[in-house]
Amino acid sequence: VIARIDSRPSLPKISVPTLVLVGDRDPVTPPDLSEEMAAAIPNARLVVVKRCGHGSTLEQPEAVNLALTEWITG
């Protein structure tokens, strides 16, 4: 992961509906980096899940399912 190429310059080229979901306590992809990603992707939606780390689907499955459902049906 450390040697992986930085994909941030290509984010503005994303042209499909995009949800950026992050836990408010995520040490791997902190909320400020997720905010940066969402801001760079046209029309992206950002959801910050409370009391959640990096394993959002395991830590807060109800909140994640709700966010996904709202995004899909949006």
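Below or above, wherever it landed, is the structure these notes cover. (Residues numbered from 1 in each chain as written. Predicted model: local features only at pLDDT ≥ 70, side-chain atom pairs only at ≥ 80, totals over all residues. Heavy atoms only, no water.)

## Some remarks on the overall build of the protein
When its secondary structure is counted, the protein shows three helices and two strands. Its C-alpha atoms put the protein at 30 × 30 × 15 Å along the principal axes. Looking at the protein as a whole, 26% of its 74 residues are labelled buried. By element, 58% of the accessible surface of the protein is carried by carbon and sulfur atoms, the whole surface being about 5,300 Å². (Helix = DSSP H or I, 4+ residues; strand = E, 2+ residues; numbered from the N terminus. Buried < 20%, exposed > 50% of the residue type's maximum accessible area, 1.4 Å probe, protein only. Areas by Shrake-Rupley, 256 points an atom, 1.4 Å probe, with all protein chains shown as cover.)

## Notes on helix H1 (residues 31-40)
All of the buried residues in H1 are Pro31, Ser34 and Ala38. Across the axial projection of H1, the buried residues extend over an arc of 55 degrees, all falling on one side. Seen from the open side of H1, the exposed residues pointing more than 90 degrees away from its buried face are Asp32 and Ala39. The inward-facing, buried residues of H1 contact strand S1 (19-23) and strand S2 (45-49). (Arc of directions from axis to C-beta. Contact = heavy atoms within 4.5 Å.)

## Some thoughts on the pairing of S2
Alignment of S1 against S2, held across five bridges, turns out to be parallel. Opposite Leu21, over in S2, you have Val47 as the bridge partner. (Pairing = 2+ DSSP bridges.)

## Here's the deal with the pattern of salt bridges
Inspection of the entire model under this criterion finds two salt bridges. Between Arg8 and Asp6 there is a salt bridge, with the nearest N and O atoms lying 2.7 Å from each other. Taking the relative accessible area as the measure of exposure, Asp6 reaches 43% and is therefore partly exposed. In this structure, Arg8 engages Glu36 in a salt bridge whose closest nitrogen and oxygen atoms are separated by 3.2 Å. Separated by 28 residues along the polypeptide, Arg8 in the segment before S1 and Glu36 in helix H1 bring together distant segments of the chain. Residue Arg8 is classed as partly exposed on the basis of its relative accessible area, which comes to 42%. Ionic contacts of the salt-bridge type, sharing partners, join the residues Asp6, Arg8 and Glu36 into one network. (Salt bridge = Lys/Arg side-chain N within 4 Å of Asp/Glu carboxyl O.)

## Digging into the nonpolar core
If you look at the biggest cluster of nonpolar residues, it comprises six residues: Leu19, Val47, Val49, Cys52, Val64 and Ala67. Of all the secondary-structure elements, those providing two or more residues to this core are S2 and helix H3 (61-73). (Core = buried A, V, L, I, M, F, W, Y, C linked by side-chain atoms within 4.5 Å.)

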